[in-house]
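Structural characterization, general
What follows is the residue order along each chain.
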Amino acid sequence: MKRIRKYIGVLLCLIVFAAMAMGSGSDTSVDNSNASGASDKTGTGSDNVVMVGGSFEKKNLRCTVTDADTDYTDYDNPYGWYTPSDGMKYVKADVTFENTGDRDIYVSIYDFDCYADNVNCEQKYMMSATDFVADNISSGRQVSFSVIFEVPVDAESIELEYTANIWSSEKVIIKLQ
């Protein structure tokens, strides 16, 4: 009996490693043909850079970066709770996710990270900008929401990272500035 459990354990480990290996390939497609400032740039694989107006697709989930504001000031702030720290400002990106598959897919504002000049920036949640945090998208449905981050005023490069594959740490980079 112990011998059978040992073989079952080894078999399960092999199955898990095989599943991870199959999921580690890059099958993210990027389309920047509608992006502002892009010259009909379309790429796949390691070219995982999306411009504002562009989109990417990963395993039945299509994301379009519909707009970005690198100096976001149009938010309600009646009590001063949302005032950025000294030397900081807010950036906002609007995204639309579409489920093109046949199963529910989970999306969240927390799937994004922001880097200003290669330094990780803090995400902000503002009720006036969006009331979306996370949800499952049914097959054929869409959801649009905004992500907001606090970045230095003098940042020269502002990028979002979206984790396209948790097994391989594959990222899609969204260039905001």
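It should be noted that the structure appears before, not after, this text.
Below, the structure is looked at part by part. (Residues numbered from 1 in each chain as written. Predicted model: local features only at pLDDT ≥ 70, side-chain atom pairs only at ≥ 80, totals over all residues. Heavy atoms only, no water.)

**Points about the pairing of strand β6 (residues 88-99)**
Of all twelve residues making up β6, ten are buried, and the element is well covered by its neighbours. Of the strand pairs in this sheet, strand β5 (residues 61-69) and β6 are connected by eight bridges, and their pairing is antiparallel. Bridge assignment links Cys63 to a residue of β6, and that residue is Phe97. The sheet contact formed by β6 and strand β11 (residues 142-152) spans eleven bridges and is antiparallel. The partner of Glu98 across the bridge, within β11, is Gln142. (Buried < 20%, exposed > 50% of the residue type's maximum accessible area, 1.4 Å probe, protein only. Helix = DSSP H or I, 4+ residues; strand = E, 2+ residues; numbered from the N terminus. Pairing = 2+ DSSP bridges.)

**A short note on the packing of aromatic side chains**
Going through the model one piece at a time under the given rule, you end up with ten aromatic pairs. For the pair Phe56 and Tyr162, a centre-to-centre distance of 5.3 Å together with 40° between the ring planes defines the contact as tilted. Placement of the pair is Phe56 in strand β4 (residues 55-58) and Tyr162 in strand β12 (residues 158-165), with a sequence separation of 106 residues. Exposure remark for Phe56: the relative accessible area of 2% places this residue in the buried category. Ring centres 5.2 Å apart and planes at 35° place the aromatic pair Tyr79 and Trp81 in the tilted group. Assigned by exposure class, Tyr79 and Trp81 land together as exposed. Three or more aromatic residues link up through ring pairs in this structure, and these residues are Phe56, Phe97, Phe112, Phe132, Phe145 and Tyr162. (Phe/Tyr/Trp six-rings, centres within 6.5 Å; stacked < 30°, edge-to-face > 60°.)

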